[in-house]
Amino acid sequence: MDYAIMSGGDVGPLGDDAVSQLHRLFHWASTSSKGLMLFIDEAEAFLNARASAGGDDSIHRRHALNALLYQTGTQSKQFMLVLATNRPEDLDAAVLDRMDASVLIDLPPQPERERLTALYMKEHVQKFAKNGNGNGGFASKFLGGNIANCEIETTCTTKEIYNKIAERISGFSGREVSKLFIAVHHSMLLSADRKLTMSILNDVLDSKITEHRQKEGFNASLSVSSSPKSFNSPLISTPAKKNREEAYDNSVNMMGETSSALTPQQRKEKEKERRKQ
């Protein structure tokens, strides 16, 4: 089977030409002796609900959507349409109606997170520490590319630690797990003795968990004070970790409540009060 891969974001820049390009694509499918599989990533970028369309390119995207609906109005053995999206609720109802099956690729559960933790620790951290002057990514180039061998505390790579990390990063996507260990890699390179310690690992983990929460919109039900898997649950307690926790607790006491426990409206009101002062 022939195949074509595109992103929903490719359609907008085509402007008026988007419709003709889509028709050419389906003409290829109709003339291919093997059939065609069309894979559209980030499908919601141009297949979103027509009622929500807006912006300068909305007319072009709407025409492109109509062209695809026209080509997929009846069952066909000449092509297979596969859509990938993180926001299926944004897809137009007519698009959803044309899908014969949907497959949920959910966030990795605990066993998968543990395996991903071991995989990316090896890929992004252990491999570099072992190879020494190998390709260290951006941090390596930033530091001049000639970096001495790095070291890793043995406690950082035990199965027990991988299990604890996997518990704390519940809700992380596979990409977030990968970026977590890229950050661990950079922190190891930038440390004074270029050694990964449990203290550094805890610091990076806390930072990424906080970043994850911010991306989730500071959900009030996941406030820092009520989550045992964040600041209150280091992998292994260290003096630096303890001092950081005390500083965090003090900041919470001075504020009266953490920003993550506030609604967006409450945060705006507090910000206005702070500016008046």
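Here goes a summary of the coordinates provided.

Parameters and conventions
- Residues numbered from 1 in each chain as written.
- Predicted model: local features only at pLDDT ≥ 70, side-chain atom pairs only at ≥ 80, totals over all residues.
- Heavy atoms only, no water.
- Core = buried A, V, L, I, M, F, W, Y, C linked by side-chain atoms within 4.5 Å.
- Buried < 20%, exposed > 50% of the residue type's maximum accessible area, 1.4 Å probe, protein only.
- Helix = DSSP H or I, 4+ residues; strand = E, 2+ residues; numbered from the N terminus.
- Arc of directions from axis to C-beta.
- Axes fitted to C-alpha atoms, helices over the stretch in contact; angles between N-to-C directions.
- Parallel < 35°, antiparallel > 145°, perpendicular 65-115°, else oblique.
- Left-handed = near helix turned anticlockwise from the far one by under 90°.
- Contact = heavy atoms within 4.5 Å.
- Nonpolar A, V, L, I, M, F, W, Y, C, P; charged D, E, K, R; others polar.
- Pairing = 2+ DSSP bridges.
- 1 Å grid on protein atoms, 1.4 Å probe; cavity = no way out; pocket = protein on both sides within 12 Å on 5 of 7 lines; lining within 4 Å.
- Points joined across faces, edges and corners; volume = space filled by probe spheres on them.
- Phe/Tyr/Trp six-rings, centres within 6.5 Å; stacked < 30°, edge-to-face > 60°.
- Expected span 1.5 Å × (residues − 1).

1. Digging into the nonpolar core
Counting 27 residues, the largest nonpolar core has Ile165, Phe181, Leu196 and Leu201 as the members making the most contacts within it. Of all the secondary-structure elements, those providing two or more residues to this core are helix 6 (110-131), helix 8 (159-168), helix 9 (174-190) and helix 10 (198-215). With seven residues, the single largest contributor to this core is helix 9. In terms of nonpolar packing, the next biggest core, distinct from the first, is built from 25 residues, Leu25, Ala43, Leu47 and Leu91 among them.

2. Topic: helix 8
Those residues of helix 8 lying buried are Ile161, Tyr162, Ile165, Ala166 and Arg168. With its buried residues spanning 165° around the axis, helix 8 presents them on a single face. Looking at helix 8, the residues exposed on the side facing more than 90 degrees away from the buried face are Lys159 and Glu160.

3. Looking at the packing of helix 9 against helix 10
Where helix 9 meets helix 10, the closest approach of the two axes is 10 Å, and the angle between their N-to-C directions is 140°. Regarding the angle of helix 9 to helix 10, the classification is oblique. You can see that helix 9 and helix 10 cross each other, and the crossing is right-handed. When helix 9 is examined against helix 10, the residues Glu176, Lys179, Leu180, Ala183, Val184 and Ser187 are found in contact with a partner set consisting of Ile200, Leu201, Val204, Leu205, Lys208, His212 and Lys215. The residue makeup of the contact of helix 9 with helix 10, split by class, is seven nonpolar, two polar and four charged.

4. Focus on the sheet that holds strand 1 (residues 2-7)
The strands that make up a sheet pair up through hydrogen bonds in the backbone, lying either parallel or antiparallel. Taken in spatial order, the three strands line up as 1-2-3 in an open sheet, and their pairing is parallel. Two strands in the sheet have a free side with no partner beyond their single neighbour: strand 1 and strand 3 (79-83). Averaged over all adjacent pairs, the angle separating strand axes in this sheet is 15°, with direction ignored. As judged from the five bridges shared by strand 2 (residues 36-41) and strand 3, these two strands associate in the parallel manner. The residue of strand 3 that forms the bridge with Phe39 is Val82.

5. Topic: empty space enclosed by the protein
In total, this model carries three cavities of 30 Å³ or more according to the counting rule given. Each pocket or cavity is described by its volume, and for the largest cavity that value is around 50 Å³. For the largest cavity, the full set of lining residues is Phe172, Glu176, Lys179, Lys208, Glu211, His212 and Lys215. For the lining of the largest cavity, the secondary-structure elements that each account for two or more residues are helix 9 and helix 10. Counting residues per element, the lining of the largest cavity draws most heavily on helix 10, at four residues.

6. Overview of the packing of aromatic side chains
The tally for this structure, following the rule as stated, stands at one aromatic pair. Here Phe26 and Phe79 contribute two aromatic rings whose centre-to-centre distance is 5.2 Å and whose plane-to-plane angle is 80°, an arrangement assigned as edge-to-face. Of the two residues, Phe26 is situated in helix 2 (residues 17-31) and Phe79 in strand 3; the sequence distance between them amounts to 53 residues. Looking at Phe26, the relative accessible area reads 7%, which means it is buried.

7. Quick look at helix 2
Relative to the 21 Å expected for 15 residues at 1.5 Å per residue, helix 2 spans 21 Å between its end C-alpha atoms, a close match to the ideal helical length. Residues of helix 2 that are buried include every one of Ala18, Leu22, Leu25, Phe26 and Ala29, and no others. For helix 2, the angular spread of the buried residues around the axis is 90°, confining them to a single face. When the buried face of helix 2 is taken as reference, the exposed residues oriented beyond 90 degrees from it are Arg24, His27 and Thr31. Contact partners of the buried residues in helix 2: strand 1, helix 1 (11-14), strand 2, helix 3 (44-47), helix 4 (58-71) and strand 3.

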